[in-house]
Amino acid sequence: MMKRLQRYKNDDESISVFPVEIRKVPKSLEDIVRTTKFNKSEIRLLYKGFKQECPHGAVTEREFQTIYSHFFPHGNCQSYTSFLFRILDRRKRMYFTFEDYIQTLSVLIRGSMKEKLQWVFRFYDISDDGRLTKQTIEKMLRSLYDLLGSNNNIHQPVTDDTVEKHSAIVFEKLDCQRAGSINFDDFEKYCLRDEQLINTINLLSSTAI
């Protein structure tokens, strides 16, 4: 069923977009251009790469984990990919498509700083309640350490104590009001005051693809 593809003509050439049974919107290359910050040539190039990794046009969480495990062979990517998959699966369908993927790239690469920070906050807000706590930060940092793994050529093995201390330091910096949790406004204000952090976000954004 997923192998049946719809073809659309754009600028006198056709482009295989998505499986008909999965794709909802947009229905054409022009729609994707209107809803992202990419042009047609960039979208075609990105779609070609997406299809190489995901030939049937949709990615489940298990498939996403398998893809990530190739890039991080020394680590355990299960928690990290679960958090990231949650953001990519925007419509909560248990899979994401090229449309979902390119919407995320559009924010990370071409979005305003506020849009990028909103994405980062949503990524860290694994409880989906609009607030970050020390426990939230700890879970996210632990997933990052697990992702990198215990390759001794890169860093020493990470202990629970290391993760707890790191998360406490990070959260203390974010929680300026000592409220025990922070919302997006708190997060944004802190980030915009940290020039090094902003430069890091811009660097990561520029290398996202």
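Quick caveat, the model's predicted, so the values are computed rather than measured. (Residues numbered from 1 in each chain as written. Predicted model: local features only at pLDDT ≥ 70, side-chain atom pairs only at ≥ 80, totals over all residues. Heavy atoms only, no water.)

**Details of the pattern of salt bridges**
Line of reasoning, step 1. Scanning the model with the defined rule gives 14 salt bridges in all.
Line of reasoning, step 2. The residue E42 makes a salt bridge to R110 at a minimum N-O spacing of 2.7 Å. In this pair, E42 is assigned in helix α2 (residues 40–53) and R110 in helix α5 (residues 98–110), connecting sequence segments 68 residues apart.
Line of reasoning, step 3. Overall, the relative accessible area of 24% leaves E42 in the partly exposed class.
Line of reasoning, step 4. In this structure, the salt-bridge partner of D160 is R142, at a minimum N-O distance of 2.8 Å. In this pair, D160 is assigned in helix α8 (residues 160–174) and R142 in helix α7 (residues 134–148), connecting sequence segments 18 residues apart.
Line of reasoning, step 5. Overlapping salt bridges, with partners in common, bring together R90, R91, R93, E99 and D100 in one network. (Salt bridge = Lys/Arg side-chain N within 4 Å of Asp/Glu carboxyl O. Helix = DSSP H or I, 4+ residues; strand = E, 2+ residues; numbered from the N terminus. Buried < 20%, exposed > 50% of the residue type's maximum accessible area, 1.4 Å probe, protein only.)

**A short note on the packing of helix α6 (residues 113–124) against helix α9 (residues 184–193)**
Line of reasoning, step 1. Orientation of α6 relative to α9, taken along the N-to-C sense of each, is 125°, at an axis distance of 10 Å. One finds that α6 runs oblique with respect to α9. Of the two elements, α6 crosses α9, and the hand of that crossing is right-handed. For the pair α6 and α9, the contacting residues are M113, K114, L117, Q118, V120 and F121 in the first and F184, F187, E188, C191 and L192 in the second.
Line of reasoning, step 2. Split by residue class, the contact of α6 with α9 holds eight nonpolar, one polar and two charged. (Axes fitted to C-alpha atoms, helices over the stretch in contact; angles between N-to-C directions. Parallel < 35°, antiparallel > 145°, perpendicular 65-115°, else oblique. Left-handed = near helix turned anticlockwise from the far one by under 90°. Contact = heavy atoms within 4.5 Å. Nonpolar A, V, L, I, M, F, W, Y, C, P; charged D, E, K, R; others polar.)

**Considerations on the nonpolar core**
Line of reasoning, step 1. In this structure, F64, L84, F98, F123 and F187 are the most contacted members of the largest nonpolar core, which totals 46 residues.
Line of reasoning, step 2. Both domains that meet at this core, namely domain 1 (40–110) and domain 2 (112–149 + 156–208), each give it at least three residues.
Line of reasoning, step 3. Other than its neighbours up to four places away in sequence, F187 contacts L117, V120, F121, L132, L174 and I182. (Core = buried A, V, L, I, M, F, W, Y, C linked by side-chain atoms within 4.5 Å. Domains from an automatic or database assignment.)

**Focus: the UniProt feature "domain: EF-hand" (unreviewed entry) in the chain**
Line of reasoning, step 1. Here the UniProt feature "domain: EF-hand" (unreviewed entry) sits at residues 112–147.
Line of reasoning, step 2. For residues 112–147, helix accounts for 72% and strand for 0%, while the C-alpha atoms at its two ends are 28 Å apart. (UniProt positions renumbered as here; feature names shortened; annotations may be inferred.)

**Section: the packing of aromatic side chains**
Line of reasoning, step 1. Taken as a whole, this structure holds 15 aromatic pairs when the rule is applied.
Line of reasoning, step 2. Residues Y80 and F123 carry aromatic rings whose centres are separated by 5.6 Å and whose planes lie at 85° to one another, so their mutual orientation is edge-to-face. Within this pair, whereas Y80 is found in helix α4 (residues 78–88), its partner F123 is found in helix α6, the two being separated by 43 residues in sequence. A single burial state applies to Y80 and to F123, both of which are buried.
Line of reasoning, step 3. An aromatic cluster of three or more residues is present, and its members are F64, Y68, F72, Y80, F85, F96, W119, F123 and Y124. (Phe/Tyr/Trp six-rings, centres within 6.5 Å; stacked < 30°, edge-to-face > 60°.)

**What to know about the packing of α2 against α5**
Line of reasoning, step 1. Orientation of α2 relative to α5, taken along the N-to-C sense of each, is 125°, at an axis distance of 11 Å. For the element pair α2 / α5, the angle class is oblique. The interaxial crossing formed by α2 with α5 has right-handed handedness. In this structure, α2 contributes E42, I43, L46, Y47 and F50 to the contact, and α5 contributes F98, Y101, I102, L105 and R110.
Line of reasoning, step 2. Looking at the contact of α2 with α5 residue by residue, the classes come out as eight nonpolar, no polar and two charged.

**Observations concerning unusual backbone geometry**
Line of reasoning, step 1. A positive phi is found at K92, a non-glycine position, where the angle reads about 55°.
Line of reasoning, step 2. With respect to the secondary-structure elements, K92 resides in the loop between α4 and β4 (96–97).
Line of reasoning, step 3. On the basis of relative accessibility, which here comes to 53%, the residue K92 falls in the exposed class.

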